[in-house]
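This is what each chain is made of:
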Amino acid sequence: MIKSYILAAFVLVSALTSCQNNAKDENGADHQLDSLKIVSLNGPVTEVLAAIGLEKNIVGTDITSNYPESIKAKPKLGHSKSINAEGVMALRPDLIVGLSKEITPALAEQFKTAGVRLLLVDQEYSAEGTKKLIRTLADSLHREKAGDSVIRQLETDLAVKPAAAQSKPKVLFIYARGAGTMMVGGTGTQVASMIELAGGQNAVTEFADYKPLTAEALVKANPDVILLFESGLQSLGGAEGMAKVQGIKETNAGKNKKIVSMDGELLSSFGPRLGVAIKELAAKIHD
């Protein structure tokens, strides 16, 4: 929390100067920000910016920024971890916003050398982490009341708890980009946290992050449910194609044909739609 507000203070002082004379309306909006041009280099960050009324200020985004639907029309600058500074600067932004873990020090230095204001924030994969992300961005950009409204809606969504189940299903997340690229999600990932929030348990606890899928590991994990991104499942030919992967038929999920998918950004973003994502995932793994 302290670090987030230090970042907010940095933006208030160095990125958004001359705030003493800013006129705010009844919603707490700072109209001196109306002409601010923003490049957002992270999907959840973009979603928060849109939710607090700054979508019109966004002049470019990374490729993970696809919500709301209208954001897809914004110029795309590639993935945040491989952004080209020249492409960003061509959009003449006043402010660049992203996650501290995704923007390399070298890229950050390029932006600063060019004289562009930079706001980097942290993200934690939890309900409180999502609220902190919203609060930090809203406070930094003088959208406090809009941020309050987004957080209230999130809390309303989170209050809708999944129906209590007799047991927690073992859910195995597989990241796939065709049969040649299949990775198993271990502990410490966004999806592992989502599985727990939805009332399930991650089927793999022996390692963190991602490792290549093997038939032996699949059978050993013996998940009750196999979860994929919708795009990943499609890359394998749907549920029928997934069923042909070696080892699937030997698992409870394969035997019961319990292979489910969700929109990748909704499932893993931990943005304002977190409550909606938890409810959807819970319905799929407990069905």
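Residues numbered from 1 in each chain as written. Predicted model: local features only at pLDDT ≥ 70, side-chain atom pairs only at ≥ 80, totals over all residues. Heavy atoms only, no water.

Topic: the overall build of the protein
Helix and strand counts for the protein come out as 13 helices and 10 strands. The long-range share in the protein, meaning contacts at least 24 apart out of those at least 6 apart in sequence, stands at 61%. Element-wise, carbon and sulfur atoms account for 52% of the exposed surface of the protein, whose accessible area totals about 13,800 Å². (Helix = DSSP H or I, 4+ residues; strand = E, 2+ residues; numbered from the N terminus. Contact = heavy atoms within 4.5 Å. Areas by Shrake-Rupley, 256 points an atom, 1.4 Å probe, with all protein chains shown as cover.)

Digging into the pattern of salt bridges
Applying the stated criterion across every chain yields a total of 7 salt bridges. Linking E155 and K131 is a salt bridge whose minimum nitrogen-to-oxygen distance equals 3.4 Å. Linking E155 in helix α6 (residues 144–158) with K131 in helix α5 (residues 127–140), this pair joins segments that are 24 residues apart in sequence. The class for K131 is buried, based on a relative accessible area of 17%. Residue D139 pairs with R135 through a salt bridge whose shortest N-O separation is 3.1 Å. You can see D139 and its partner R135 sitting in helix α5, 4 residues apart, about one turn around the helix. Considered together, D139 and R135 belong to a single accessibility category, that of buried residues. (Salt bridge = Lys/Arg side-chain N within 4 Å of Asp/Glu carboxyl O. Buried < 20%, exposed > 50% of the residue type's maximum accessible area, 1.4 Å probe, protein only.)

Describing the sheet that holds strand β3 (residues 95–99)
One open sheet accounts for 4 strands, arranged β2-β1-β3-β4; its pairing is parallel. Strand pairing shows two members of the sheet lacking a second neighbour, β2 (58–61) and β4 (117–121), which therefore form its edges. Strand-to-strand twist across the sheet, computed as the mean angle between neighbouring axes with direction ignored, equals 20 degrees. Two elements, strand β1 (residues 38–40) and β2, share 3 bridges in a ladder whose sense is parallel. The residue bridging I38 from the neighbouring strand is I58, located in β2. Those strands touched by α5 are β3 and β4, and its axis lies near 160 degrees from that of β4. (Pairing = 2+ DSSP bridges. Axes fitted to C-alpha atoms, helices over the stretch in contact; angles between N-to-C directions.)

Concerning the packing of α6 against helix α13 (residues 274–286)
Look at α6 against α13: their axes get within 7 Å of each other, and the N-to-C directions meet at 15 degrees. When the axes of α6 and α13 are compared, the pair comes out roughly parallel. The two elements α6 and α13 cross, and the hand of that crossing is left-handed. Mapping the contact onto sequence places L154, D157 and L158 in α6 and L274, G275, V276 and I278 in α13. In terms of residue class, the contact of α6 with α13 is made up of 5 nonpolar, 1 polar and 1 charged. (Parallel < 35°, antiparallel > 145°, perpendicular 65-115°, else oblique. Left-handed = near helix turned anticlockwise from the far one by under 90°. Nonpolar A, V, L, I, M, F, W, Y, C, P; charged D, E, K, R; others polar.)

Some points on the nonpolar core
Ranked by size, the top nonpolar core spans 45 residues in total, and within it L227, L267 and L281 carry the most contacts. Among the elements that take part in this core, α13 stands out by supplying 6 residues, more than any other. Non-local contacts of L227, meaning those with residues more than four positions away in its chain, are made with V171, L172, F173, I174, V191, I195, V260, S261, L267 and L281. (Core = buried A, V, L, I, M, F, W, Y, C linked by side-chain atoms within 4.5 Å.)

Brief notes about the side chain of D62
Considering the arrangement of structural elements, one finds D62 in the loop between β2 and α3 (85–89). K76 is the oppositely charged side chain nearest to the buried, salt-bridge-free D62, at an N-O distance of 6.4 Å. Reaching out from D62, the side chain makes a polar contact with the backbone nitrogen of N42 at a distance of 3.3 Å. (Lys, Arg positive; Asp, Glu negative; His and termini not counted. Polar contact = N/O pair within 3.5 Å; in protein donor to acceptor, adjacent residues only side chain to side chain.)

As for the confidence of the model for the protein
Per-chain confidence: the protein averages 89 in pLDDT, with 87% of residues scoring 70 or above. Low confidence marks residues 17–28, where pLDDT is under 50. Its contacts with residues over four positions away, or in another chain, come to 20 contacts. (pLDDT = per-residue confidence, 0-100.)

Looking at α6
Because each turn of an α-helix spans 3.6 residues, side chains separated by three or four positions end up pointing in the same direction. When the terminal C-alpha atoms of α6 are compared, their 21 Å separation across 15 residues agrees well with the 21 Å that a helix rising 1.5 Å per residue should span. Those residues of α6 that fall on the buried side of the exposure criterion are A146, G147, V150, I151, L154, D157 and L158. Buried positions in α6, seen along its axis, are confined to an arc of 135 degrees and lie on one side of it. Where α6 is buried, its residues contact α2 (43–51), α5 and α13. (Expected span 1.5 Å × (residues − 1). Arc of directions from axis to C-beta.)

With respect to the side chain of T61
Within the fold, T61 resides in strand β2. Residue T61 is classed as buried on the basis of its relative accessible area of 0%. Looking at T61, its side chain comes within polar contact range of the side chain of K76, at 2.8 Å. The contact partners of T61, leaving out residues within four places of it in the chain, are S40, T46, I71, K74, P75, K76 and L77.

Some words on the packing of α5 against α6
In contact at an axis separation of 8 Å, α5 and α6 are set at 165 degrees when each is read in the N-to-C sense. Classified by the interaxial angle, the pair formed by α5 and α6 is roughly antiparallel. Helix-helix and strand crossings are classified by hand; for α5 and α6 the assignment is right-handed. Judged by residue contacts, A127, T130, K131, I134, R135, A138 and D139 of α5 engage E144, G147, D148, V150, I151, L154, E155 and L158 from α6. Looking at the contact of α5 with α6, its residues break down into 7 nonpolar, 2 polar and 6 charged.

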